Amino acid sequence: MTEPMVRAEGVCKSYGRLEVLRGIDLEVAHGEVMCVIGPSGSGKSTFLRCINHLEKVDAGRLYVDGDLVGYRQRGDRLHELREDEVAHKRRSIGMVFQRFNLFPHMTALENITEAPVGVLGRPKASARAHALDLLDQVGLGDKAAAYPNQLSGGQQQRVAIARALAMEPKLMLFDEPTSALDPELVGDVLEVMRKLAEQGMTMVVVTHEMGFAREVGDSLVFMDEGVVVEHGNPRDVLGNPQEERTQAFLSKVL
Ligand code: ADP
Ligand code: MG
């Protein structure tokens, strides 16, 4: 049996007395696109942040590609990872946020080449060539020299996706990537994500785009109050939700 890309076993996370994740059990297979929906405050972003080493899990275990997040195992002892080891692990995970957080003083091309050159030590010329190819892939081949403020929100978000891909991640996390966009700009971003899914990228996508979840998602998770309420085939979950809480949520958003 091959290890899933993500395996969560009883993952719990609190902020002070607020229990945000209360025992998440989930698996994401290699090449799977998992969409996550749920009301605001249900812990969706926190779960992504745990996968990406941005938050520490309080209880339970979380594995990415077979590695326990946050720890190194020696014999039967666990050692917390040092900061540089965490940084190293994070390189293989791409994350795209709701707000396009491009570097404002860099062109689209520079935004994309910054980490491959600065962090991975790639030669500038090959990083540039790769970046131009990625810009092409996200439909922005003509925007290499543009600064973020010269791009629409949707274009900035596509640069952000290209920037994440430049690190050649094995897993891409999307946290409501289209929620801050004007409606007419959403489609282009979703199209880029759909192509990425078709290329076999493993993706966890927190989204309110039910059409995307239905058509692109291999699985759909409905989270509420820090637990997975329902998890299954997107068509089943959306078309025939079993749980009352899922039904109530979907009746508001569909
Ligand atoms: P979602 O993404 O589903 O809207 P979040 O994971 O962002 O939910 O947040 C879940 C809960 O955790 C919310 O009540 C939020 O206010 C709280 N929370 C998130 N991050 C922090 C933090 N760094 N410190 C304290 N509370 C937080
Ligand atoms: Mg969120």
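Looking at an unreviewed UniProt entry, one finds the chain named ABC-type polar-amino-acid transporter, with Actinokineospora fastidiosa as its source organism. Per UniProt, the comment on the chain under Sequence similarities (unreviewed entry) is "Belongs to the ABC transporter superfamily."

### Topic: the overall build of the chain
In terms of helices and strands, the chain carries 9 helices and 12 strands. Against the 2.2 N^0.38 benchmark of 18 Å for 254 residues, the chain shows a C-alpha radius of gyration of 18 Å, consistent with a compact globule. Its C-alpha atoms give the chain principal-axis dimensions of roughly 50 × 50 × 40 Å. Here the chain holds 254 residues, and the buried ones make up 48% of them. By sequence separation, contacts in the chain at least 24 residues apart represent 64% of the contacts at least 6 residues apart. When the accessible area of the chain is evaluated, it comes to approximately 12500 Å², of which 45% is carbon and sulfur surface. A distance of 6 Å separates the average location of the 29 positive side-chain charges in the chain from that of its 37 negative side-chain charges.

### Considering the site of ligand 1
Ligand 1 sits among Tyr15, Leu18, Val20, Pro39, Ser40, Gly41, Ser42, Gly43, Lys44, Ser45 and Thr46. One nitrogen or oxygen atom from the main chain of Gly41 is found 2.7 Å from an oxygen atom belonging to ligand 1. In the environment of ligand 1, an oxygen atom lies 2.5 Å from a nitrogen or oxygen atom belonging to the side chain of Thr46. Coverage of ligand 1 by the protein amounts to 59% of the 560 Å² it exposes when considered alone. Broken down by secondary-structure element, the contributors of at least two residues to the shell around ligand 1 are β2 (18–28) and α1 (44–51). If one sorts the elements of the shell around ligand 1 by residue count, α1 sits on top with 3 residues.

### What to know about the sheet that holds β2
Ordered by their spatial adjacency, 4 strands build an open sheet running β2-β1-β4-β5, and the pairing between neighbours is antiparallel. Two strands bound the open sheet, and with one partner strand each, they are β2 and β5 (67–68). Strand contacts of α1: β1 (6–15), β2 and β4 (59–64), with the helix running at about 60° to β2, the strand carrying the most contacts.

### As for the packing of aromatic side chains
Tallied over the full model, the rule gives 1 aromatic pair. Its end group placed over the ring of Tyr63, Arg7 keeps NZ or CZ at 4.6 Å from the ring centre. We note Arg163 situated over the ring of Phe103; from NZ or CZ to the ring centre the distance is 5.1 Å.

Rules and cut-offs
- Residue numbering note: each chain is counted from 1, following its sequence as written.
- As a convention, the first chain written is A and the first ligand written is 1, with the rest following in written order.
- For a predicted model such as this one, the threshold for reporting local features is a pLDDT of at least 70, and the threshold for listing and counting side-chain atom pairs is 80 or more; totals across whole chains, interfaces and linings nevertheless cover every residue.
- Processing note: side-chain calculations cover all non-hydrogen atoms of the structure and skip hydrogens and water entirely.
- UniProt positions are given in the numbering used here, feature names are shortened, and annotations may be inferred rather than shown by experiment.
- Put simply, DSSP marks the helices as runs of H or I at least four residues long and the strands as runs of E at least two long, and each gets a number from the N terminus on.
- Put simply, the radius of gyration uses C-alpha atoms, and a globule should come to 2.2 Å times the residue count raised to 0.38.
- For each residue, the accessible area found with a 1.4 Å probe, counting protein chains only, is set against the maximum for its type, and the residue is called buried under 20%, exposed over 50%, and partly exposed in between.
- By definition, residues are in contact when any of their heavy atoms lie within 4.5 Å.
- For the accessible areas, the method is Shrake-Rupley and the probe is 1.4 Å, while residue cover comes only from the protein chains on display.
- Here the positive residues are Lys and Arg and the negative ones are Asp and Glu; neither His nor the chain ends is included.
- Charge coordinates come from a single atom per side chain, which is NZ of Lys, CZ of Arg, CG of Asp or CD of Glu.
- Here a residue is considered near a molecule or strand provided that any single heavy atom belonging to it is located within 4 Å of it.
- By the criterion applied in these results, polar contacts are pairs of N or O atoms within 3.5 Å in which, for protein atoms, one can donate a hydrogen and the other can accept it, and in which residues neighboring in sequence qualify only through two side-chain atoms.
- What makes two strands pair is DSSP finding at least two bridges between them.
- Angular values range over 0 to 180 degrees, each being the angle between N-to-C directions of two axes fitted as lines to C-alpha atoms, with helices fitted over their stretch in contact.
- Between 30 and 60 degrees the pair is tilted, below 30 it is stacked and above 60 it is edge-to-face, where a pair is any two Phe, Tyr or Trp rings, Trp via its six-membered ring, whose centres lie within 6.5 Å.
- We call a charge positioned over a ring when the NZ of a Lys or the CZ of an Arg lies within 6 Å of the ring centre and within 35 degrees of the ring normal.

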